[in-house]
Amino acid sequence: MTNIDDDIRKTVGGENPFRVPDGYFGQFADRLMSQLPEQPVLQEPQLKRAGMSIWRPRYWAAACVCALVSATAFYFTLHEADMTASAEAEVSGSSYEEQVADCAMMDNADIYAYLCSAE
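Below: a short report on this structure. Remember, predicted model here, so these are calculated numbers, not experimental data. (Residues numbered from 1 in each chain as written. Predicted model: local features only at pLDDT ≥ 70, side-chain atom pairs only at ≥ 80, totals over all residues. Heavy atoms only, no water.)

Let's shift gears to the overall build of the protein chain. Broken down by element type, the protein chain carries 5 helices and 0 strands. Reading the helices (α) and strands (β) of the protein chain from amino to carboxyl end gives α-α-α-α-α. When the 119 residues of the protein chain are sorted by exposure, 2% land in the buried category. (Helix = DSSP H or I, 4+ residues; strand = E, 2+ residues; numbered from the N terminus. Buried < 20%, exposed > 50% of the residue type's maximum accessible area, 1.4 Å probe, protein only.)

Here you go:
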């Protein structure tokens with residue numbers, strides 16, 4: 001790399017060949033702004049419901065809390081119904097098989113016939 005750099009310095013020289021006039025960048029912004037065409041000043045759009053933008057996150061938070069409370073109440077209502085049904089089953093002395101037989105509307109003779117025919 002140094003050989004290439006040395007060759008370039010010999011050809012071009014050690015000085016930077018590019019020059020900028022004095023004060024060029026100090027006045028650059030002013031000259032650029034003077035060359036731009038005039039454009040009308042845009043007004044900021046006014047919010048129709050300025051109050052809504054403030055309250056919107058609070059409404060979302062309230063909706064989430066309501067959904068959580070409703071889901072929790074629904075869960076515990078179902079869980080309580082299951083607990084009540086199992087407690088009633090234990091109190092009445094009925095077993096799972098008896099509940100199935102009642103649901104299927106089978107009596108002892110039907111169960112006996114079914115068991116005998118299975119062989």
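Further remarks concern a nonpolar patch on the surface. Together, Val20, Tyr24, Phe25, Phe28, Leu32, Met33 and Leu36 make up an exposed nonpolar region whose accessible area comes to about 700 Å². Relative to the elements of secondary structure, Phe25 occurs in the loop between helix 1 (2–12) and helix 2 (28–35). Judged by its relative accessible area of 61%, Phe25 falls in the exposed class. (Patch = residues over 30% accessible without salt bridge, like charges linked within 9 Å, V, L, I, M, F, W, Y side chains within 5 Å. Areas by Shrake-Rupley, 256 points an atom, 1.4 Å probe, with all protein chains shown as cover. Salt bridge = Lys/Arg side-chain N within 4 Å of Asp/Glu carboxyl O.)

For helix 1, a buried count of 0 out of 11 residues is recorded, marking the element as mostly open to its surroundings. One or two steps after helix 1, the chain reaches Gly13, where phi turns positive at roughly 110 degrees.

Now for the packing of aromatic side chains. Across all of its chains, the model carries 4 aromatic pairs by this definition. Aromatic pair Tyr24 and Phe25: ring centres 5.1 Å apart, planes at 85 degrees, arrangement edge-to-face. Aromatic side chains Tyr75 and Phe76 sit 5.3 Å apart centroid to centroid with 70 degrees between the ring planes, which places their arrangement in the edge-to-face category. Grouping aromatic residues by their ring pairs yields a cluster made of Tyr24, Phe25 and Phe28. (Phe/Tyr/Trp six-rings, centres within 6.5 Å; stacked < 30°, edge-to-face > 60°.)

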